[in-house]
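Next come the chains, spelled out residue by residue.
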Amino acid sequence: MQRLTRIADLRQWLAHARSQGKTIALVPTMGALHTGHMALVENARRHCDLVVMSVFVNPRQFGPNEDFDAYPRDLDADCALAQAHGVDAVFAPSTEEMYPHAAGPLIIAGRQANMLCGASRPGHFDGVLQVVCKLFNLVQPDRAFFGQKDAQQVAIIQTFVRDYNLPLEICVIPVVREDDGLAKSSRNVYLNAEERAHAPAIHAALQLCRERLQAGFGPDAALHAARAHIAGIPDSRIDYLELLAWPDLLALGDDESSCIALAAVYVGRTRLIDNITFQR
Ligand code: PAF
């Protein structure tokens, strides 16, 4: 597996791969790799000849009071895991390599970015689009792989790719779950034993929401049931719990058939997100 830190070296490696007619998959990450990332890699390997994984903790998607400095970084461990799962090249640039100019042109993510996770993280999705756009330009992948767990991020990236006619396919991989339904996340390790035991109730609440909607209840009644279920988690607080049209993230109309139920819930001090998509 190649370990690349310079854009020039990445380009050279890609030029060689393309000269051999290989198709390229991109798996963008911020490192701290876990089994959810490996599901992206496994899918990427199935669909393309070569897999490039980026490992870059992108400062532009962190707010001033967020945990950029504390974000876990262990490039050696990430590379070992990536290699064991068949990644062909890891691209792990420095901040200076990615952003040589302090204030470059900005990309504004727009309506879909100002709600849900974006409501408490202003500018976060602008920063995500900036780095993703750069990575798409640098790697020029045939396909890029993202996890459905970050549903809002997926919707925003899909809109961007569609609106700007970017020549790649966005592949979305379903949420990877523990046996009890808890969505896998690097944050799950922050949960103590009691919090961990109660955390699957978030997924159960989303399922309850779906069941109620499919049984003919209105969105408010479905959300009410889900809220009551989450209230059973000790020391929990709902940041948001929403039922929306998927993938537009617009309010659910009477005739909308493709839906998403999404939640962000603090369990103790740990903020967990989850979602399910379904047909009404
Ligand atoms: O989902 C993530 O890990 C990040 O937002 C991404 C897409 C790698 C951009 O930094």
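So, here is what we can say about the structure in this document. (Residues numbered from 1 in each chain as written. Predicted model: local features only at pLDDT ≥ 70, side-chain atom pairs only at ≥ 80, totals over all residues. Heavy atoms only, no water.)

### Looking at the overall build of the protein chain
Across its full length, the protein chain holds 10 helices and nine strands. Dimensions of the protein chain, computed from the C-alpha atoms along their principal axes, are close to 55 × 40 × 40 Å. Counting every position in the protein chain, which comprises 280 residues, the buried fraction comes to 49%. For the protein chain, long-range pairs separated by at least 24 residues make up 70% of all intrachain contacts whose partners lie at least 6 apart in sequence. Entry remark: accessible area of the protein chain is about 13600 Å², with carbon and sulfur atoms responsible for 49%. With 26 positive and 32 negative side-chain charges, the protein chain shows a spacing of 2 Å between the two charge centroids. (Helix = DSSP H or I, 4+ residues; strand = E, 2+ residues; numbered from the N terminus. Buried < 20%, exposed > 50% of the residue type's maximum accessible area, 1.4 Å probe, protein only. Contact = heavy atoms within 4.5 Å. Areas by Shrake-Rupley, 256 points an atom, 1.4 Å probe, with all protein chains shown as cover. Lys, Arg positive; Asp, Glu negative; His and termini not counted. Charge placed at Lys NZ, Arg CZ, Asp CG, Glu CD.)

### Description of the side chain of Gln-130
Following the sequence through the fold, Gln-130 ends up in helix H6 (residues 124–139). Look at Gln-130 and you get buried, because its relative accessible area is 8%.

### Examining the site of the ligand
Taken together, Pro-28, Thr-29, Met-30, Gln-61, Val-128, Val-131, Phe-146, Asp-150 and Gln-153 make up all the residues around the ligand. At 2.7 Å from an oxygen atom of the ligand is found a side-chain nitrogen or oxygen belonging to Gln-153. Here the ligand loses 88% of its free accessible area of 290 Å² to cover by the protein chains. Secondary-structure elements contributing two or more residues to the shell around the ligand are strand E2 (24–29) and H6. Partitioning the shell around the ligand into residue classes produces five nonpolar, three polar and one charged. (Near = heavy atom within 4 Å. Polar contact = N/O pair within 3.5 Å; in protein donor to acceptor, adjacent residues only side chain to side chain. Nonpolar A, V, L, I, M, F, W, Y, C, P; charged D, E, K, R; others polar.)

### Considerations on the sheet that holds strand E3 (residues 50–55)
Strand order in this open sheet of six strands is E1-E4-E3-E2-E5-E6, and the pairing throughout is parallel. Looking at the sheet topology across the chains shown, the edges are occupied by strand E1 (2–4) and strand E6 (169–173). Strand-to-strand twist of the sheet, defined as the mean angle between neighbouring strand axes without regard to direction, takes the value 25°. Sheet analysis places E2 next to strand E5 (residues 143–147), joined by two bridges and oriented parallel. Along E5, the bridge assignment pairs Ala-25 with Arg-143. Contacting E1, E2, E3 and strand E4 (89–91), helix H1 (residues 7–19) runs over the sheet at an angle of about 170° to E3. (Pairing = 2+ DSSP bridges. Axes fitted to C-alpha atoms, helices over the stretch in contact; angles between N-to-C directions.)

### Focus on the packing of H6 against helix H7 (residues 151–163)
Orientation of H6 relative to H7, taken along the N-to-C sense of each, is 55°, at an axis distance of 11 Å. The angle between H6 and H7 places the two elements in the oblique class. Considering only the axes of H6 and H7, their crossing is right-handed. Along its contact with H6, which presents Phe-125, Val-128, Leu-129, Val-132, Cys-133 and Phe-136, the element H7 presents Gln-152, Gln-153, Ile-156, Ile-157, Phe-160 and Val-161. Each residue belonging to the contact of H6 with H7 can be placed in one class, and the counts come to 10 nonpolar, two polar and no charged. (Parallel < 35°, antiparallel > 145°, perpendicular 65-115°, else oblique. Left-handed = near helix turned anticlockwise from the far one by under 90°.)

### Comments concerning the sheet that holds strand E9 (residues 270–279)
Read from one edge of the open sheet, three strands run E7-E8-E9, paired in antiparallel fashion. Only two strands of the sheet have a single partner each, and these edge strands are strand E7 (236–245) and E9. In this sheet, adjacent strand axes meet at a mean angle of 10° when their direction is disregarded. The sheet contact formed by E7 and strand E8 (residues 258–267) spans nine bridges and is antiparallel. Within E8, the position partnered with Tyr-240 by the bridge is Ala-264. Relative to E7, helix H10 (residues 219–231) is tilted by about 155°, and along the sheet it contacts E7 and E8.

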